[in-house]
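One letter stands for each residue in the lines below.
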Amino acid sequence: MNHHPTEKQIRDAYALAKERYALLSVDTDAALAKLAPIPISLHCWQGDDVGGFENPGGELTGGIAATGNYPGKARTADELRADLDVAYSLIPGTHRLNLHSIYAETGGVVVPRNELRPEHFSRWIAWAKENGHGLDFNPSYFSHPLAASGFTLASYDTGVRKFWIEHGIACRKIGEAFGRALGTPCVTNLWIPDGFKDTPADRATPRRLLKESLDATLAEKLDPAYNLDAVEGKLFGLGAESYTVGSHEFYLGYAITHKMLLCLDSGHFHPTETISDKISSVMTYLDEILLHVSRGVRWDSDHVVTFTDDLQAIAQEIVRGGFLGRVHIGLDYFDASINRIAAWVIGARAMQRALLLALLEPFEPMRQFDVTGDYTARLALLEELKGLPFGAVWDFFCLEKDVPVGVGFMDAIRAYERTELARRG
Ligand code: RNT
Ligand code: ZN
């Protein structure tokens, strides 16, 4: 079966799609021009199951889990960068990389997390500069002896809190250095796993401690041209099912009070609760937000992002709200049961496709149905839009951006699996 369309087929299909959308006064070229510069921040941790290089083979803690044992995971930063290069080559456009502090390269020297400095990321910065990737960052409050109790910034132990406050401060400086070096602000996102497996007696004190720790971590003002701080809440983690200190409400209040970014992770709410409806609410009060686009299946399982109704709704809210310039889009999942590079490519392309579908909506006429109360016409149009030839527009975009059309990207993945991944132990 030859599943690859010819260039002529792609161009002919696009020409017809363009005409079809024009009947609704939608300009497909304009939609693609808007889509092209939108960066997706690829999460480095999909490449090695959230392992990092600080403690190879160490246990992943913090109530998150990558399951599966697909061969060929990156074991070194060079392997991870090589894998990322393949992924980026199969995603249209130029995109960002989201690093965790445990991906530092310390040349075999043990550097405590509270002493990490920009120089421990110099090779990441050089690589990002060479390839035009912006960098985002995350302090890592897990997979560490001082996080073994399940508590970090909200610990009752002053020494533990102090260590993690220092880690956060060190990481913000690294984020700032990323921004300076690359000329694009780094979003430094703070997430902690702190919580109790079973019902606590006191829900208030850990939250007061977390607030104090955050205040100390964020005390120094950094230039937003270089570093933007975000906080990420969560409903529960594995082993912290009954109480999570950093809940959504906690961080919503904190972010609004401190005029910083709020991170909404699509896996961090009740299973039937979606982040799409939250976007316009929080954007009423916040300048910018960060999204961790993920896919929970029955729980916060971090499956690869696919083209679900949920994803489409997220993209619609960003586009319809006019929030494209204020929403930082990052991916967050870790599936070790399939080719990890394909996981990046499939998830990133799904996000872009959802954005494209949203950019191809005739928003103004749709909105008029809200205003005039013609809900019947609105429902009819929304249903019709789902069947319009947006796939032809997407294929044309891939052709123009010189990346494989359709599942053609799997050829490159398979070839890389044979030549490179197969050699890894
Ligand atoms: C965990 C959070 C967090 C992590 C990464 C590794 O539930 O989603 O964002 O996935 O920081
Ligand atoms: Zn997340």
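Residues numbered from 1 in each chain as written. Chains lettered and ligands numbered in written order. Predicted model: local features only at pLDDT ≥ 70, side-chain atom pairs only at ≥ 80, totals over all residues. Heavy atoms only, no water.

Engineer: Please explain the overall build of the protein chain as it appears in this structure.
Structural biologist: Check the secondary structure of the protein chain and you find 14 helices and ten strands. Its C-alpha atoms give the protein chain a radius of gyration of 22 Å, near enough to 22 Å, the size a compact globule of 425 residues would have. The buried share of the protein chain, reckoned over its 425 residues, is 52%. Across the protein chain, the fraction of contacts at a sequence separation of at least 24, relative to all contacts at a separation of at least 6, is 80%. Surface summary for the protein chain: the accessible area is close to 18600 Å², and the carbon and sulfur share equals 54%. Each charge sign in the protein chain was given a centre, from 42 positive and 56 negative side chains, and these centres are 1 Å apart. (Helix = DSSP H or I, 4+ residues; strand = E, 2+ residues; numbered from the N terminus. Rg over C-alpha atoms; globule rule 2.2 N^0.38 Å. Buried < 20%, exposed > 50% of the residue type's maximum accessible area, 1.4 Å probe, protein only. Contact = heavy atoms within 4.5 Å. Areas by Shrake-Rupley, 256 points an atom, 1.4 Å probe, with all protein chains shown as cover. Lys, Arg positive; Asp, Glu negative; His and termini not counted. Charge placed at Lys NZ, Arg CZ, Asp CG, Glu CD.)

Engineer: Would you take a moment to explain the side chain of His43 for this structure?
Structural biologist: Inspection of the secondary structure puts His43 in strand S1 (residues 40-43). For His43, a relative accessible area of 0% corresponds to the buried category. If we ignore the near neighbours within four places in the chain, the residues touching His43 are Asn98, Leu331, Asp332, Tyr333 and Trp344.

Engineer: What is the right way to read the packing of aromatic side chains from this model?
Structural biologist: Given two aromatic rings, one states the distance between the centres and the angle between the planes to describe the pair. In total, this model carries 15 aromatic pairs according to the counting rule given. Taking 5.9 Å as the distance between ring centres and 80° as the angle between the ring planes, the aromatic pair formed by Phe121 and Phe178 counts as edge-to-face. Placement of Phe121 in the loop between strand S2 (96-100) and helix H4 (122-131) and of Phe178 in helix H5 (residues 158-182) is noted, with a sequence separation of 57 residues between them. Here Phe121 matches Phe178 in class, with each residue buried. With a centroid separation of 5.6 Å and 15° between ring planes, the pair formed by Phe307 and Phe390 is classed as stacked. Note that Phe307 is positioned in the loop between strand S9 (289-293) and helix H9 (309-320) and Phe390 in helix H13 (residues 390-400), a separation of 83 residues in sequence. In this structure an aromatic cluster arises from ring pairing among Tyr88, Trp124 and Trp127. Positioned over the ring face of Trp124 is Arg81, at 4.7 Å from the centre of the ring. One cation-aromatic arrangement involves Arg353 over Phe307; the distance from NZ or CZ to the ring centre is 5.6 Å. (Phe/Tyr/Trp six-rings, centres within 6.5 Å; stacked < 30°, edge-to-face > 60°. Lys NZ or Arg CZ within 6 Å of the ring centre and 35° of its normal.)

Engineer: Help me understand the packing of helix H6 (residues 204-217) against helix H7 (residues 248-258), please; the structure alone is not making it clear to me.
Structural biologist: For any two helices packed against each other, one specifies the crossing angle of their axes together with the interaxial distance. Running from amino to carboxyl end, H6 crosses H7 at an angle of 35°, the nearest separation of the two axes being 12 Å. Crossing angle aside, the handedness with which H6 passes H7 is right-handed. The segment H6 lies against H7, with Arg207, Leu210, Lys211, Leu214 and Asp215 engaging Phe250, Tyr251, Tyr254 and His258. Taken together, the residues that form the contact of H6 with H7 break down as five nonpolar, one polar and three charged. (Axes fitted to C-alpha atoms, helices over the stretch in contact; angles between N-to-C directions. Left-handed = near helix turned anticlockwise from the far one by under 90°. Nonpolar A, V, L, I, M, F, W, Y, C, P; charged D, E, K, R; others polar.)

Engineer: What's the story with the pattern of salt bridges in this structure? I'm lost.
Structural biologist: Proximity of charged atoms lets side chains of opposite charge pair with each other. Taken as a whole and assessed by the stated rule, the structure comprises 31 salt bridges. A salt bridge links Arg11 to Glu7; the shortest N-O distance between them is 2.9 Å. Of the two residues, Arg11 and Glu7 are both situated in helix H1 (residues 7-22); the distance of four residues between them amounts to about one turn of the helix. Judged by its relative accessible area of 45%, Glu7 is partly exposed. Its salt-bridge partner being Asp78, residue Arg123 comes within 2.8 Å of it at the nearest N-O pair. Here Asp78 lies in helix H3 (residues 77-89) and Arg123 lies in helix H4, a separation of 45 residues in the sequence. Overall, the relative accessible area of 42% leaves Asp78 in the partly exposed class. (Salt bridge = Lys/Arg side-chain N within 4 Å of Asp/Glu carboxyl O.)

Engineer: Teacher, can you tell me more about the environment of Tyr243 here?
Structural biologist: With respect to the helices and strands, Tyr243 occurs in strand S7 (residues 243-244). Residue classification places Tyr243 among the buried positions, given a relative accessible area of 2%. Remark: the alpha-carbon pair of Tyr243 and Thr94, spanning 149 residues in sequence, is separated by 39 Å. Setting aside residues no more than four positions away along its own chain, Tyr243 makes contact with Asp194, Gly195, Phe196, Pro200, Arg203, Pro206 and Arg207. Of note is the side chain of Tyr243, whose polar atom sits 2.6 Å from the backbone oxygen of Arg203. (Polar contact = N/O pair within 3.5 Å; in protein donor to acceptor, adjacent residues only side chain to side chain.)

Engineer: Looking at this structure, I do not really get the nonpolar core. What am I missing?
Structural biologist: As a rule of thumb, soluble globular proteins bury nonpolar side chains together. Ranked by size, the top nonpolar core spans 124 residues in total, and within it Leu42, Leu99, Trp124, Leu214 and Leu291 carry the most contacts. Ranked by residue count, the leading element in this core is helix H10 (residues 340-359), at 14 residues. Setting aside residues no more than four positions away along its own chain, Leu99 makes contact with Cys44, Trp45, Phe121, Trp124, Leu135, Asp136, Phe137, Asn138 and Phe178. With six residues, the next largest nonpolar core counts Val187, Ala230, Leu261 and Cys263 among its residues. (Core = buried A, V, L, I, M, F, W, Y, C linked by side-chain atoms within 4.5 Å.)

It is worth stressing that arrangement in space is one thing and function is another; only the former is reported here.
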